[in-house]
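Below are the chains, spelled out letter by letter.
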Amino acid sequence: MLSTNVSIEQKINLPEFEAAGLDVFVKRDDMIHPFISGNKWRKLKYNHLSFLKSCCKGIVTFGGAFSNHIVATAAFCAEKQVECIGIIRGEKPSGINHVLILAQLWGMKLEFVTRESYKSKELLAERWKKEGYFIVPEGGENEDGVKGCEEIITELTHTYNHIFCASGTGCTFAGIVSGIAAQNLDTHCHSIPVLKQGEFITNTVLGYFPKAKNFTVHTDYHFGGYAKTTPELLQFLKYFASQTGILTDPVYTAKLFYSIADLIKKGVFKKGETILAMHTGGLAGLLSEKMLNDVQKSIA
Ligand SMILES: *Cc1c(COP(=O)(O)O)cnc(C)c1O
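Here the structure is a predicted model, which is why all the values come from computation and not from measurement.

## As for the sheet that holds strand β1 (residues 9-11)
Here is step 1: Taken in spatial order, the 6 strands of this open sheet run β1-β2-β10-β7-β8-β9, and their pairing is mixed. Each edge of the open sheet carries a strand with a single partner, namely β1 and β9 (215-217). Each neighbouring strand pair of the sheet contributes to a mean axis angle of 25°, computed without reference to strand direction.
Here is step 2: For strand β8 (residues 188-193) and β9, the ladder comprises 3 bridges, and the chain directions are parallel. Each residue of the ladder has a partner; that of C189, found in β9, is F215.
Here is step 3: Against the sheet, helix α11 (residues 253-265) makes contact with β2 (23-28), β7 (162-167), β8 and β10 (274-279), and its axis sits at roughly 165° relative to β10, the strand it touches most.

Given below as structure tokens:
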């Protein structure tokens, strides 16, 4: 695993960015580890330290059958030699599922629960806590997660006018907003929610930092909702990969880079401004059978 002190910030050379007179950079948190998606590693870092302090016997966490957080936690716990259990939403899938196979290769024990009982996962968590396990919430979203993501900002080697991040729970974004405020930087933070009704990201940020003002949530780049795509998005993913060499995933980071290109096209930024996009990793999201099928159809 790369030490994140090796903070890779590189310029993206796309003709449309240059034509607009804008310098767009990407922070390659996807390079931290092939399966511990950049931001998942950051969210697990302080959760792991809290786990060690707690003297619990293992980690229990939650996620869907295609969750990057499940893959990441399994890989992380194998590396740290921590027993881990993944509570998976819904029936055990009948077909091949790369996320669950990888998680099991790393030694995670899986427990499938009905969608109904998953809704009250706090009750399930209580049960595991009583048995001596440390609970990491779904997506790694808690104070420890936010604290880990604040380090994205302390690592930066340049200051930027804008910083962009794709959001699921909003935990990573909350860390970025707080990190920027803590350093008094004049950087505006932009969240791209990948779910419908992404306004809730504002509440997530304000829940942690009630005074935060330095941010905007762009709610119209979800492409139909979580893990939904359109041929236009997938064609962009291909264009971006072929022009820059940077692979994105259709669930999170393709939506992020698409939104930046679109906002630039709409003339939202001033000439000469600098923009940083967070590549949060998540390549597993590209590799499911369904997603690869959609990609194949869209780029044919
Ligand atoms: C999980 C994930 C996110 C979302 O992070 P949040 O902190 O939940 O908002 C973004 N990008 C990728 C690649 C992810 O795997």
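## Details of helix α4 (residues 98-105)
Here is step 1: Here α4 has its buried residues at H98, V99, L100, L102 and A103.
Here is step 2: Against α3 (68-80), β4 (84-89) and β5 (109-113) lie the buried residues of α4.
Here is step 3: With a side-chain oxygen lying 2.9 Å from the backbone nitrogen of V99, the N-terminal cap of α4 falls on N97.
Here is step 4: G107 sits one or two positions beyond α4 and adopts a positive phi of about 95°.

## Topic: the pattern of salt bridges
Here is step 1: Tallied over the full model, the rule gives 16 salt bridges.
Here is step 2: D29 is the partner of R42 in a salt bridge, and the nearest nitrogen-oxygen pair spans 2.6 Å. Note that R42 is positioned in helix α2 (residues 38-54) and D29 in the loop between β2 and α2, a separation of 13 residues in sequence. Note on accessibility: R42 and D29 belong to one class, buried.
Here is step 3: When the shortest N-O distance is used, the salt bridge between K266 and D262 registers 2.8 Å.

## A short note on the nonpolar core
Here is step 1: Counting residues in hydrophobic clusters, the biggest one holds 34 residues, and the most contacted among them are I12, F164, L256, F257, I260, I264 and I275.
Here is step 2: Of all elements in the fold, only β2, β7, α10 (231-244), α11, β10 and α12 (289-299) reach the threshold of two or more residues within this core.
Here is step 3: When residues in this core are grouped by element, the largest group, 8 residues, is from α11.
Here is step 4: In this view, I264 contacts E16, F17, A20, L22, V24, F269 and I275; residues no more than four positions away in its chain are not counted.
Here is step 5: Residues V71, A72, V82 and L100 belong to the second largest nonpolar core, which totals 24 residues.

## Some thoughts on the layout of surface pockets
Here is step 1: Estimates place the volume of the largest pocket at around 1,100 Å³.
Here is step 2: Lining the largest pocket are 49 residues, with F66, S67, R89, Y226 and Y252 positioned closest to its centre.
Here is step 3: Those elements giving two or more residues to the lining of the largest pocket turn out to be α2, α3, α4, α5 (115-119), β7, α8 (171-182) and α12.
Here is step 4: Classifying every residue of the lining of the largest pocket gives 16 nonpolar, 22 polar and 11 charged.
Here is step 5: Two domains share the lining of the largest pocket, each providing at least three of its residues, namely domain 1 (9-34 + 143-299) and domain 2 (38-140).
Here is step 6: For the second largest pocket, the calculated volume is near 200 Å³.
Here is step 7: Going through the elements one at a time, α1 (15-19), α10 and α11 are the ones with two or more residues in the lining of the second largest pocket.
Here is step 8: With 5 residues, α11 is the single largest residue contributor to the lining of the second largest pocket.
Here is step 9: Partitioned by chemical class, the residues of the lining of the second largest pocket number 6 nonpolar, 1 polar and 4 charged.

## Points about the site of the ligand
Here is step 1: Around the ligand, 16 residues are found, and the nearest of them are K40, K43, T169, T172 and T280.
Here is step 2: Between the ligand and K40, the relevant distance is 2.7 Å, taken from an oxygen atom to a side-chain nitrogen or oxygen of the residue.
Here is step 3: C171 places a main-chain nitrogen or oxygen 3.5 Å from an oxygen atom of the ligand.
Here is step 4: Surface burial for the ligand is 98%, taken as the share of its 390 Å² of free accessible area covered by protein chains.
Here is step 5: Broken down by secondary-structure element, the contributors of at least two residues to the shell around the ligand are α2, β7 and α8.
Here is step 6: Of all the elements, α2 adds the most residues to the shell around the ligand, at 3 residues.
Here is step 7: Broken down by class, the residue content of the shell around the ligand amounts to 3 nonpolar, 11 polar and 2 charged.

Rules and cut-offs
- Residues numbered from 1 in each chain as written.
- Predicted model: local features only at pLDDT ≥ 70, side-chain atom pairs only at ≥ 80, totals over all residues.
- Heavy atoms only, no water.
- Pairing = 2+ DSSP bridges.
- Helix = DSSP H or I, 4+ residues; strand = E, 2+ residues; numbered from the N terminus.
- Axes fitted to C-alpha atoms, helices over the stretch in contact; angles between N-to-C directions.
- Contact = heavy atoms within 4.5 Å.
- Buried < 20%, exposed > 50% of the residue type's maximum accessible area, 1.4 Å probe, protein only.
- Polar contact = N/O pair within 3.5 Å; in protein donor to acceptor, adjacent residues only side chain to side chain.
- Salt bridge = Lys/Arg side-chain N within 4 Å of Asp/Glu carboxyl O.
- Core = buried A, V, L, I, M, F, W, Y, C linked by side-chain atoms within 4.5 Å.
- 1 Å grid on protein atoms, 1.4 Å probe; cavity = no way out; pocket = protein on both sides within 12 Å on 5 of 7 lines; lining within 4 Å.
- Points joined across faces, edges and corners; volume = space filled by probe spheres on them.
- Nonpolar A, V, L, I, M, F, W, Y, C, P; charged D, E, K, R; others polar.
- Domains from an automatic or database assignment.
- Near = heavy atom within 4 Å.
- Areas by Shrake-Rupley, 256 points an atom, 1.4 Å probe, with all protein chains shown as cover.

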